[in-house]
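Structural overview for review
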Amino acid sequence: MEKIKLFCVSLGCDKNLVDTEKMLGVAGGLGVSFTDDETEADAILINTCCFIGDAKEESVNTILEMARYKEEGKCRALIVAGCLAQRYKQEIIDEIPEVDAILGTTSYEEIGNVLTRLFGEEKEKKEEHISCFHDLKELPETAKKRVMTTGGHYAFLKIAEGCDKRCSYCIIPYLRGPYRSVPMEQLLAEARELAENGVRELILVAQETTLYGKDLYGEKTLPKLLHELAQIPGIYWIRIQYCYPEEITEELIQAIKTEEKVCHYLDIPIQHASDAVLKRMGRRTNQAELRERIAHLREEIPDIAL
């Protein structure tokens, strides 16, 4: 493949950022170099979000802004990936002809094939969009090199993909598929590699971290994962995000309390304080249960940050 420079924009959540870093890793493995100057890029990659209206608008505006560089810069390929691509594939094809390739949420590792098709010696004659969409029940291979974009001292570790909750207001299951845990051995291998590359804090992310392992091992195994990650030399802090309150077990609380490397910190999506609204949202807790759960966390771990 010819030598090309890639410019990348990653929008949305930290989970999306992990996908972006893995796409950059695949591209780097092909000899692609990276630039932070849009005008110098041969290819531009946008990893999009559309969770709420503002996110969708930002993604569309970013695509249109980057499309300008096909005339004003050196860009010869505009690639759109992520949630907006998954939800609005046909609309993007029909309405933004500048886009050359689209990747769905479970096909981000196809970025290497896409770049080869666009810039390889056997370049395809550009007649239509290149589309890569895998089954939403698939789990993309995670044991790939990553290009770190967080400064190097901390990294997000995505431990699962998708969600089964199907809250009434949320589109995530339709964009990301059902809940699929990443096998523990893959996560530990990835964490070791991150530590060897200078990462000192791991931030565990998923649509819901608390259910980790239920689909693979028949029980919630986040506490076990925490204990295993804590054994990795070079990792000093482990932080947990996206813990649904109804799934926080006593075993998890004790793991946070007793495992020295696990930060006394939880990121909990409560969503609302009205029982009626929570019920309409399809949430599985009420205000009394939320208050009890938070009070118990503070009783067990007085210095916890919520």
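An account of the accompanying structure is given in this report.

The rules behind the values
Residues numbered from 1 in each chain as written. Predicted model: local features only at pLDDT ≥ 70, side-chain atom pairs only at ≥ 80, totals over all residues. Heavy atoms only, no water. Core = buried A, V, L, I, M, F, W, Y, C linked by side-chain atoms within 4.5 Å. Buried < 20%, exposed > 50% of the residue type's maximum accessible area, 1.4 Å probe, protein only. Helix = DSSP H or I, 4+ residues; strand = E, 2+ residues; numbered from the N terminus. Contact = heavy atoms within 4.5 Å. Pairing = 2+ DSSP bridges. Axes fitted to C-alpha atoms, helices over the stretch in contact; angles between N-to-C directions. Phe/Tyr/Trp six-rings, centres within 6.5 Å; stacked < 30°, edge-to-face > 60°. Lys NZ or Arg CZ within 6 Å of the ring centre and 35° of its normal. Parallel < 35°, antiparallel > 145°, perpendicular 65-115°, else oblique. Left-handed = near helix turned anticlockwise from the far one by under 90°.

Once that is clear, we can look at the nonpolar core. Core analysis: the biggest nonpolar cluster contains 39 residues, and Ile-159, Leu-204, Leu-225 and Leu-229 have the highest contact counts within it. When residues of this core are traced back to their parent elements, those giving at least two are strand S7 (154–158), helix H8 (184–196), strand S10 (201–205), helix H10 (222–229), strand S11 (237–240), helix H11 (250–258) and strand S12 (262–266). At six residues, H8 tops the list of elements feeding residues into this core. When near neighbours in sequence (up to four residues on either side) are disregarded, Leu-204 contacts Leu-157, Ile-159, Thr-209, Leu-222, Leu-225, Leu-226, Leu-229, Ile-238, Arg-239, Ile-240 and Gln-241. If you look at the next biggest cluster of nonpolar residues, it comprises 24 residues, including Ile-63, Cys-75, Val-99 and Ile-102.

To continue, consider the pairing of strand S4 (residues 77–82). Most of S4 sits out of view: six of its six residues are buried. With three bridges connecting them, S4 and strand S5 (residues 101–103) associate as parallel partners. Among the inter-strand pairings, Ile-79 is bridged to a residue of S5, identified as Ala-101.

Attention now goes to unusual backbone geometry. A positive phi angle, close to 55°, is found at Arg-166, a residue other than glycine. The residue Arg-166 is located in the loop between strand S8 (160–161) and helix H7 (172–176) in this model. The phi angle at Gln-271 is positive, at roughly 80°, despite the residue not being glycine. Taking the relative accessible area as the measure of exposure, Gln-271 reaches 39% and is therefore partly exposed.

Spatial ordering of the open sheet is given by S7-S10-S11-S12, a layout of four strands whose pairing is parallel. Looking at which strands have only one partner, the edges of the open sheet turn out to be S7 and S12. Strand after strand, the sheet turns through a mean of 25° between neighbouring axes, direction not considered. Of the pairings in the sheet, the one linking S11 to S12 comprises two bridges and is parallel in character. Of the residues in S12, the one forming a bridge with Ile-238 is Val-262. Sheet contacts for H11: S11 and S12; angle to S12, the most-contacted strand, approximately 130°.

So, on to the packing of aromatic side chains. All told, the structure shown has two aromatic pairs when counted by the stated rule. Centroid distance Tyr-154 to Phe-156: 5.9 Å. Interplanar angle 85°. Geometry classified as edge-to-face. Look at Tyr-154 and you get partly exposed, because its relative accessible area is 24%. Centroid distance Tyr-236 to Trp-237: 6.1 Å. Interplanar angle 70°. Geometry classified as edge-to-face. In this structure, Lys-15 is placed above the aromatic ring of Tyr-242, and the distance from its NZ or CZ to the ring centre is 3.9 Å. Over the ring of Tyr-265 we find Arg-239; its NZ or CZ atom is 4.7 Å from the centre of that ring.

Close contact between H10 and H11 brings their axes to 8 Å; oriented N to C, the two are set at 20°. Judged on the interaxial angle alone, H11 and H10 are roughly parallel. Here H10 and H11 pass one another in a crossing that is left-handed. Of the residues in H11, those in contact with Leu-222, Pro-223, Leu-226 and His-227 of H10 are Glu-251, Leu-252 and Ala-255.

Let us now look at the sheet that holds strand S2 (residues 33–34). Two modes of strand pairing occur in sheets, parallel and antiparallel, and in both the strands are linked by backbone hydrogen bonds. Strands sit in the order S2-S1-S3-S4-S5-S6 across an open sheet of six strands; the sheet is parallel. Each edge of the open sheet carries a strand with a single partner, namely S2 and strand S6 (130–132). Looking at chain direction, strand S1 (residues 5–10) and strand S3 (residues 43–48) are connected through five bridges and run parallel. Each residue of the ladder has a partner; that of Phe-7, found in S3, is Ile-44. Here helix H6 (residues 111–119) sits on the sheet in contact with S3, S4, S5 and S6, set at roughly 165° to S4.

From the geometry alone we can't say anything about function, so treat these as descriptive.
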